[in-house]
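Below, each chain spelled out in residue letters.
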Amino acid sequence: METGGLPLELWRMILAYLHLPDLGRCSLVCRAWYELILSLDSTRWRQLCLGCTECRHPNWPNQPDVEPESWREAFKQHYLASKTWTKNALDLESSVCFSLFRRRRERRTLSVGPGHEFDSLGSALAMASLYDRIVLFPGVYEEQGEIILKVPVEIVGHGKLGEVALLASIDQHCSTTRLCNLVFMPAWFSPIMYKTTSGHVQFDNCNFENGHIQVHGPGTCQVKFCTFKNTHVFLHNVPLCVLENCEFVGSENNSVTVEGHPSADKNWAYKYLLGLIRSSPSLLPAEDSDFLMSLDLESRDQAWSPRTCDIVIEGSHSPTTPASSSPKPGSKAGLQEAEVGSDGERVAQTPDSSDGGLSPSGEDEDEDQLTYRLSYQVQGPHPVLGGSFLGPPLPGASIHLPSCLVLNSLQQELQKDKEAMALASSVHGCLIRKCLFRDGKGGVFVCSYGRAKMEGNIFRNLTYAVRCIHNSKIVMLRNDIYRCRASGIFLRLEGGGLIAGNNIYHNAEAGVDIRKKSNPLILCNQIHHGHRSGIVVLGNGKGVIRNNQIFSNKEAGIYILYHGNPIVSGNHIFKGRAAGIAVNENGKGLITENVIRENQWGGVDIRRGGIPILRSNLICFGYSDGVVVGDEGKGLIEGNTIYANKGCGVWMMSSSLPHVTSNHVSYNGLYGVAVFSQKDGSNEFPGGHGAQENFSEDGDAILWETELEKEDDPLRRPITIALIESNSINHNGASGLYVQSSEALHVITNVIHANGDRGITVAQSSQLTRVTNNSISCNCQSGVKVEAQCKVELRGNGIYDNRGHGIITKGDSTVVIENDIIGNRGSGLQLLPRSDTKVMKNRIHSFRAYGITVRGHAKALVQENIIFQGKTNKTIFQQISNNRDCIMQNNKFLVFKKKSDTWRLVNPPARPHLESSLRGPSAGTSGQKVTAMATRITARVEGGYHSNRSIFCTIL
């Protein structure tokens, strides 16, 4: 650029004095001058934009302190928008007839006010011609009759906004009109301040107070930088209307009502408004940088994995000759004899380890050791989440999630979902953008097949923000909705649309309320700190709730009831003060692949007829139970990871008939799965799930039951008995499974491993509890304990390597049949006084104690069992007193005699035999996994006692 020696800063200072036309001419000189003009963005272009009386700050009213990215671009957009109303004049002049026979004339300016050409607006309009400009000078203009606009004109207030007030009722009959810099108030005879039925009207920088504005299709409107105080904007069948950068304050009803389907008849302005919308900057995100959690996929646990072992006898001690050798010099003290606990339960006192007390053998093994190798397989479901969350939780460690559970950005979700992208890009009916709704009753009301799109608005201190009913559709993008006195967004009577990328918080009722067959797509929102629930779905409401962050709400993050049936997937629901998801009052729903964590009460709470499908979720770090199935709750709980909750992994009532299958339940503070008939009232959760909530907007919540659909869901398989099958239940703080119930229960094909207490505890079972084909191993006490007056059948289980007894029973009707009870540190089977047990066709072995111990006057039938000898100084069978009620028939006792003796579990192979028992749809989809693992179980005999080196397993 040839600057004549002047620095660029001086040139910018000189050019800052030029007016808009002169700036345009200078930019056409050359490229260097063009770039110089562009560089005036923060100086001259800013002055021009803020100095224009027809507009306000580009980010008013929501962010008036934030500068736009480009002042020149903001000024350009406003300049183009202000000329939309005259576009049809170009259409008229393009006509051949007009161009030949009509003489072009200049627009006139008519002045209205004291001392000017006209005294009133009406008199000026009587003399106005096409596209004339009428300027109202400061003052108050009150029209005594209705004003009818018959020709296109522009009406502009002179001076600052507020100096010109117009009390009138205007009815537009012409094709187009523009009104700017005026204060509108209703006339004494009508609340309607402005009305049009077919033409286009444009409002710029106006105030409207205490009246109504009506636009009927095919009429259109464009409103920008306006303030509406207690004013209602009514849009009926409009094909397209744009409300942008406006403020709505103190409405006594709805601020904006959009009614009726967009008219198929469109006026001349439709295509220009559509082009203006598409050319303006979009609020759709380019890419989000949400704070997301990640996951370490590496598994650190093999508890549920199939394993293959052999028991091989390699010893020289005779079973009739007690060993007299003492520990070798330098070796540690031997393992203490297992101590007798409460009710005669023997608990081996051994050092803790990460795998149920197993630790590797040392290097000082000698020829006197006994090595057992046992052939068997243990099968279980695939660990979900790629084997993650199997290791113990580390205090203070961050949560790492697999890619399938990481939240996507809004742009990523829209790219995956073409239907959602089409909704987000569509413009029909009314577009409301960058507006502020505050301190009133309602924000936007869309009804009777209406269409509305809302982008970048703020709704605050209202009764409700948006209400969508009667087959209407809304698109809400990037809005802030907070401090509403009821729900933030309310949909009913088949309302729908897209609600995406919004920030919804601090509302008195639900953030989003879905009722009566409404079916929206709720995507990538933040819904938090609500005074009640985050999202409520009821009264046959549906919807897809996907990829949202729902947190810190006082009640359930998502509440489903009265036959609500949404699809809830991929959400992060955390830090709620009640349950993460609650399903009550016949609620349904498909709840899949969500992260539900750190909630005060149950991660998922199902009660009073709730029957959801809960599948493939991560439910972790809760301050109470992971999943609660309360009174009359039902449903399918399948393939979930329930991890590190402070209460139980699953707390359920057997009378509710839940189906719990293929879940990974680990490292929970209490029981892995607890089954009760009823729960103590003092322990009921105070999160609002036990009490009737007032979800009635019109006092009609009690009537929902009359509208409920009776449709059958093919995804749900009806069951008649509570069923726990194919789960991996490991490393929980108390028993893996605790049963205290008066209803029947089936426990089938589970892997119950390394829990802090017993594998299974049956404390009460007046109806039959069937425990079939389970692997119960490495638990800190007995594998199974049956209390008095319980009816239990144990069949086809593999009960291995538990620190206490294999099975201990006081039940009056216990059947133990066809189980493998191997390698437990206490007795294989202990029968306590007053028990009544049938022990048939089992294979029983204990390393350190008796195969079967009968204490007191226990009634038993011990028949056709194979009992292996364990320690050399123990007999195979121990009976404390002479008991005629204990009948022994056709049992086979195996005592090793020489090193070459080998015992193998064959014909049948080691139990459990899962492949023959898996059944139903869950078995077909749970992805059962079978892998071989060789385990070497080593036990040292020194002086009649094992050494301090315990049984251990290593992968060969």
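What you see is a predicted model, and the numbers here were worked out from it, not measured in a lab.

Chemist: Is there a simple way to explain the overall build of the chain in this structure?
Modeler: Scanning the chain for helices and strands turns up 12 helices and 83 strands. The buried share of the chain, reckoned over its 956 residues, is 59%. Of all intrachain contacts in the chain linking residues separated by at least 6 positions in sequence, the fraction that spans at least 24 positions is 56%.

Chemist: What is the right way to look at the packing of aromatic side chains in this model?
Modeler: We describe a pair of aromatic rings using the distance from one ring centre to the other and the angle between the two ring planes. Counting across every chain of the model gives 18 aromatic pairs. When the ring of F621 is compared with that of Y643, the centres are 5.7 Å apart and the planes differ by 85°; the resulting orientation is edge-to-face. Of this pair, F621 sits in the loop between β49 (618-620) and β50 (627-629) while Y643 is found in strand β52 (residues 641-643), placing the two residues 22 residues apart along the sequence. Classification of Y643 as buried rests on a relative accessible area of 4%. Every member of this aromatic cluster is reached through a ring pair, and the members are F184, Y194, F203, F208, F228, F248, F437 and F459.

Chemist: Teacher, can you tell me more about helix α2 (residues 20-27) here?
Modeler: Residues spaced three or four apart along an α-helix point in a common direction, a consequence of the helix completing one turn every 3.6 residues. Three or more residues of α2 are buried, namely L23, C26 and S27. On an axial view of α2, the arc spanned by its buried residues comes to 100°, and they lie on one face. The inward-facing, buried residues of α2 contact α1 (8-15), α3 (31-38) and α4 (41-51).

Chemist: Sorry if this is basic, but what is going on with the packing of α2 against α3 here?
Modeler: With their axes 7 Å apart at the nearest point, α2 and α3 run at an angle of 140° to one another. Counting all contacts with α2, which are made through L23, C26 and S27, the residues of α3 involved are W33, Y34 and I37. For the contact of α2 with α3, the residue count by class is five nonpolar, one polar and no charged.

Chemist: Before we go on, may I ask you to explain the packing of α4 against helix α5 (residues 71-82) in this structure?
Modeler: In a pair of packed helices, the angle between the axes and the distance between the axes together describe the arrangement. Interaxial distance between α4 and α5 falls to 8 Å at its minimum, and their mutual angle equals 30°. Here α5 runs roughly parallel to α4, going by the angle between their axes. In this structure, α4 meets α5 at a crossing whose hand is left-handed. From α4, D41, S42, W45, R46, L48, C49 and L50 reach across to α5, where they touch W71, R72 and F75. Class assignment for the residues of the contact of α4 with α5 results in six nonpolar, one polar and three charged.

Chemist: Quick question: what am I supposed to make of the pattern of salt bridges here?
Modeler: Opposite charge on two side chains allows them to pair when their charged atoms are near. Within the structure shown, the criterion is met by 27 salt bridges. Among the ionic contacts, a cluster of salt bridges with common partners joins R107, R133, E154, R178 and D204.

Chemist: I keep staring at a nonpolar patch on the surface and nothing clicks. Help me out?
Modeler: Taken together, the side chains of L6, L10, M13, I14 and Y17 present a nonpolar region at the surface, about 500 Å² in accessible area. With respect to the helices and strands, L10 occurs in helix α1.

Chemist: Is there a simple way to think about the confidence of the model for the chain in this case?
Modeler: Predicted coordinates in regions of low pLDDT should not be interpreted in detail. For the chain, per-residue confidence averages 79 on the pLDDT scale, and 75% of positions sit at 70 or higher. A low-confidence stretch, residues 346-381 (pLDDT under 50), is modelled with 150 contacts involving residues beyond four sequence positions or located in other chains.

Chemist: When you look at unusual backbone geometry in this model, what are you seeing that I'm missing?
Modeler: What is expected of a backbone is that most residues other than glycine have negative phi and most peptide bonds are trans. Following G217, the chain continues to P218 via a peptide bond in cis, the omega torsion being 10°. With respect to the element layout, P218 can be found in the loop between β13 (212-216) and β14 (220-224). With an omega of 5°, the peptide bond running from R911 to P912 counts as cis. Structurally, P912 can be placed in the loop between β80 (902-903) and α12 (920-925). A positive phi angle is found at C778, which is not glycine, with a value near 55°. With respect to the helices and strands, the residue C778 is situated in the loop between β64 (775-777) and β65 (784-786). Judged by relative accessible area, which is 0%, C778 ranks as buried.

Chemist: Honestly, the side chain of R178 in this entry has me stumped. Any pointers?
Modeler: Relative to the helices and strands, R178 resides in strand β8 (residues 176-180). You can call R178 buried: its relative accessible area is 1%. Within polar-contact distance, the side chain of R178 engages the side chain of E154 at 2.4 Å. Filtering out sequence-adjacent residues up to four positions away, R178 remains in contact with E54, S82, W85, V153, E154, I155, Q202 and D204.

Chemist: Just to check I follow, could you spell out the pairing of strand β56 (residues 673-676) for this structure?
Modeler: In summary, the side chains of a regular strand alternate between the two faces of the sheet. Burial along β56 is two-sided: the residues V673 and V675 and A674 and F676 are all buried. As paired strands, strand β53 (residues 650-653) and β56 are joined by four bridges and run parallel to one another. Note that in β56 the partner of M652 across the bridge is V675. As judged from the four bridges shared by β56 and strand β59 (residues 737-741), these two strands associate in the parallel manner. Paired with A674 across the strands is Y738, a residue of β59.

Chemist: Which parts of the structure should I look at to understand α5?
Modeler: For α5, spanning 12 residues, the distance from its first C-alpha to its last is 16 Å, which sits close to the expected 16 Å at 1.5 Å a residue. Those residues of α5 that fall on the buried side of the exposure criterion are W71, A74, F75, Q77, H78, A81 and S82. Buried positions in α5, seen along its axis, are confined to an arc of 160° and lie on one side of it. Among the structural elements, α2, α4, β8, β11 (200-204), β14 and α9 (270-279) are those in contact with the buried residues of α5.

Chemist: Explain the pairing of strand β60 (residues 745-748) here, please?
Modeler: Alternating residues of β60 divide into L745 and V747 and H746 and I748, and every residue in both groups is buried. Note: strand β57 (residues 722-725) against β60, four bridges, orientation parallel. Looking across to β60, one finds that E725 is bridged to I748. Relative to strand β63 (residues 769-772), β60 is paired through four bridges, and the arrangement is parallel. Bridge assignment links H746 to a residue of β63, and that residue is R770.

Chemist: Any chance you could explain the environment of D513 here in plain terms?
Modeler: Looking at where D513 falls in the secondary structure, it is placed in strand β35 (residues 512-514). For D513, a relative accessible area of 3% corresponds to the buried category. The residues contacting D513, other than those within four sequence positions of it, are S487, I489, F490, L491, V536 and L538. There is a polar contact of 2.8 Å between the side chain of D513 and the side chain of R515.

Chemist: When you look at the environment of R107 in this model, what are you seeing that I'm missing?
Modeler: Residue position: R107 is located in the loop between α7 (96-101) and β1 (109-112). The exposure class of R107 is partly exposed, given its relative accessible area of 42%. When the C-alpha positions of R107 and D132 are compared, they lie 5.1 Å apart, and in sequence the two are 25 residues distant. Excluding its chain neighbours within four sequence positions, the residues that come into contact with R107 are W85, Y131, D132, R133 and E154. A polar side-chain atom of R107 sits 2.4 Å from the main-chain carbonyl oxygen of Y131. Here E154 takes part through its side chain, which lies 2.8 Å from a polar atom of the side chain of R107.

Chemist: Could you clarify how one ought to interpret the environment of E638 in this entry?
Modeler: With respect to the helices, strands and loops of the structure, E638 is situated in strand β51 (residues 636-638). For E638, a relative accessible area of 5% corresponds to the buried category. Expressed as a C-alpha distance, the spacing of E638 and I613, which sit 25 residues apart in the sequence, is 7.7 Å. At a separation of 3.0 Å, a polar atom in the side chain of E638 contacts the side chain of R615.

Reading the values: the criteria
Residues numbered from 1 in each chain as written. Predicted model: local features only at pLDDT ≥ 70, side-chain atom pairs only at ≥ 80, totals over all residues. Heavy atoms only, no water. Helix = DSSP H or I, 4+ residues; strand = E, 2+ residues; numbered from the N terminus. Buried < 20%, exposed > 50% of the residue type's maximum accessible area, 1.4 Å probe, protein only. Contact = heavy atoms within 4.5 Å. Phe/Tyr/Trp six-rings, centres within 6.5 Å; stacked < 30°, edge-to-face > 60°. Arc of directions from axis to C-beta. Axes fitted to C-alpha atoms, helices over the stretch in contact; angles between N-to-C directions. Nonpolar A, V, L, I, M, F, W, Y, C, P; charged D, E, K, R; others polar. Parallel < 35°, antiparallel > 145°, perpendicular 65-115°, else oblique. Left-handed = near helix turned anticlockwise from the far one by under 90°. Salt bridge = Lys/Arg side-chain N within 4 Å of Asp/Glu carboxyl O. Patch = residues over 30% accessible without salt bridge, like charges linked within 9 Å, V, L, I, M, F, W, Y side chains within 5 Å. Areas by Shrake-Rupley, 256 points an atom, 1.4 Å probe, with all protein chains shown as cover. pLDDT = per-residue confidence, 0-100. Polar contact = N/O pair within 3.5 Å; in protein donor to acceptor, adjacent residues only side chain to side chain. Pairing = 2+ DSSP bridges. Expected span 1.5 Å × (residues − 1).

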